[in-house]
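Working through the structure, step by step
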Amino acid sequence: MSIDENSNETENQAVPESSNEAINQAPASQSAEPASNPAAGIVATLLDLKESNPKVFFGGIGAVVLVLLVLVMSGGDDPRLPAHQAKAMVPGQNYVLKSPNTYDPNATVRLVSVPGSMAAYDDTEENDREGACKHMPMNTSVKLLQSQNDSTDKNLVWAEVEITADGECLGKRAWTSSVNLQ
């Protein structure tokens, strides 16, 4: 006998007949159980994979997380957010003061005496809010006298306006950002 024949005989003798009968006579409820609950079968397969080859198991989890992360971060086909549309400003044209940054009906629009000094004021004092026509209510009518680009930011345009609304500020001149004119 050769070595191959000896190993085949050993393999055949290693499986007792009683185990073959037990496999053939397995109750139908055991074989039908994984089919009726596929989630339990998947969980059992994953737990076996975790025990036998943890690198593949955790690598698979990492791959699924990576795919989900790419899907979440990819965005979609949403259009761009609306941006401020710069419009041509015509000197002599009448406009109203309206801040695009607020929905508060009681909000005011800041007017300054020199273009570019909008951020250079201290807003903590009450007297800064009162008098001298520095803060005008929304929808105050004004007339555009001239416009000027900012020296540091070419997208920022300053507008000199004359207040045409009735009241103590009628005829006063001041500067504001052009986005406040509508």
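Residues numbered from 1 in each chain as written. Predicted model: local features only at pLDDT ≥ 70, side-chain atom pairs only at ≥ 80, totals over all residues. Heavy atoms only, no water.

Here we look at the overall build of the protein
Across its full length, the protein carries five helices and six strands. Taken from N to C terminus, the helices and strands of the protein fall in the order α-α-α-α-α-β-β-β-β-β-β. Going through the 182 residues of the protein one by one, you find that 18% of them count as buried. A separation of at least 24 residues holds for 53% of the contacts in the protein among residues at least 6 apart in sequence. Summing over all exposed atoms, the protein offers an accessible surface of approximately 13900 Å²; the carbon and sulfur share of this is 55%. (Helix = DSSP H or I, 4+ residues; strand = E, 2+ residues; numbered from the N terminus. Buried < 20%, exposed > 50% of the residue type's maximum accessible area, 1.4 Å probe, protein only. Contact = heavy atoms within 4.5 Å. Areas by Shrake-Rupley, 256 points an atom, 1.4 Å probe, with all protein chains shown as cover.)

Things to note about the pairing of strand β5 (residues 157-163)
Taking burial as the measure, the seven residues of β5 include five buried ones, the bulk of the element. Sheet topology note: the β5/strand β6 (residues 173-177) ladder contains five bridges and is antiparallel. Looking at the pairing, W158 lines up with S177 of β6. (Pairing = 2+ DSSP bridges.)

A look at the packing of helix α4 (residues 38-52) against helix α5 (residues 54-73)
Where α4 meets α5, the closest approach of the two axes is 5 Å, and the angle between their N-to-C directions is 125°. In terms of their interaxial angle, α4 and α5 are classed as oblique. The residues of α5 that touch α4, namely those facing L46, L49, K50, E51 and S52, are P54, V56, F57 and F58. Classifying every residue of the contact of α4 with α5 gives six nonpolar, one polar and two charged. (Axes fitted to C-alpha atoms, helices over the stretch in contact; angles between N-to-C directions. Parallel < 35°, antiparallel > 145°, perpendicular 65-115°, else oblique. Nonpolar A, V, L, I, M, F, W, Y, C, P; charged D, E, K, R; others polar.)

Looking at a nonpolar patch on the surface
Taken together, L66, L69, V70, V72 and M73 make up a surface patch of nonpolar side chains, about 550 Å² in accessible area. Along the polypeptide, V70 turns up in helix α5. Relative accessible area serves as the criterion here: at 51%, V70 is assigned to the exposed category. (Patch = residues over 30% accessible without salt bridge, like charges linked within 9 Å, V, L, I, M, F, W, Y side chains within 5 Å. Salt bridge = Lys/Arg side-chain N within 4 Å of Asp/Glu carboxyl O.)

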